[in-house]
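# Examining the three-dimensional arrangement
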Amino acid sequence: IAEKNFAMTPKLNMQLNEKGVDLAYQAIKKHFNSEIDIIVVDPLRNFFDGGANNASENDNIAMMLFLQKRIEALRNKLNPKAGMVLVHHTKKITKDYLEDETFQAGAGARALRGYYTTGIIL
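As a starting point, this report considers the structure included with it. (Residues numbered from 1 in each chain as written. Predicted model: local features only at pLDDT ≥ 70, side-chain atom pairs only at ≥ 80, totals over all residues. Heavy atoms only, no water.)

Now for helix α4 (residues 60-78). Across its 19 residues, α4 extends 26 Å between first and last C-alpha, which sits within 8% of the 27 Å expected from 1.5 Å per residue. Bending of α4 peaks at approximately 35° at the position of glutamate 72. Buried residues along α4 sit in contact with α2 (18-31), β1 (38-41), α3 (44-47), β2 (83-86) and α6 (110-113). Put simply, aspartate 59 is the residue that caps the front of α4, since its side-chain oxygen is 3.0 Å from the backbone nitrogen of isoleucine 61. (Helix = DSSP H or I, 4+ residues; strand = E, 2+ residues; numbered from the N terminus. Expected span 1.5 Å × (residues − 1). Bend = angle between axes of the 7 residues up to and from the residue. Contact = heavy atoms within 4.5 Å. Polar contact = N/O pair within 3.5 Å; in protein donor to acceptor, adjacent residues only side chain to side chain.)

A word on α2. Its 14 residues place the ends of α2 20 Å apart at the C-alpha level, agreeing with the 20 Å of an ideal helix rising 1.5 Å per residue. The set of residues buried in α2 consists of Gly20, Val21 and Ala24. For α2, the angular spread of the buried residues around the axis is 100°, confining them to a single face. In α2, the exposed residues that point more than 90 degrees away from the buried face are Glu18, Lys19 and Lys30. Against the buried residues of α2 lie α4. For α2, the N-terminal capping position is held by asparagine 17, with its side-chain oxygen 3.2 Å away from the main-chain nitrogen of lysine 19. (Buried < 20%, exposed > 50% of the residue type's maximum accessible area, 1.4 Å probe, protein only. Arc of directions from axis to C-beta.)

Now the structure itself:
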C-alpha cells in the first residue's frame, strides 16, 4: 500500500518560491494519479522563500506571505481539502520555558504560530 500511496524525496535543495511551487506540483502530479490527502513540508526552514527582500523566517510579513502564496498555493493546486503538515524547528530554550510556554517554543516568526489549526511539539 505504501509503495502505491506514499512518496518521499531525499533532501532537496530548493525553495518554495513561485517556480518551486510549480515544480513541486508537477512532480507530485507525475507520481500520483489520485487525489493527494496529505502534504508534508519537512523542515519548513529548508523551503522558506523570503521574497524579493530575501527576508528571514523571523520576518512576520515574509512568513505570512510564504504561508499564503507558497504553502496554500501548493495545497490549492493539489487538493484544497488536503491536510498540510509543516515541520519546524524549536528555539533553544530551557525545559521550564517549554513547560510554561509550550507553543512559544517554535523558531521564527510569530505569524506561523497564529496560522496552524493544530500543533504538536516533539
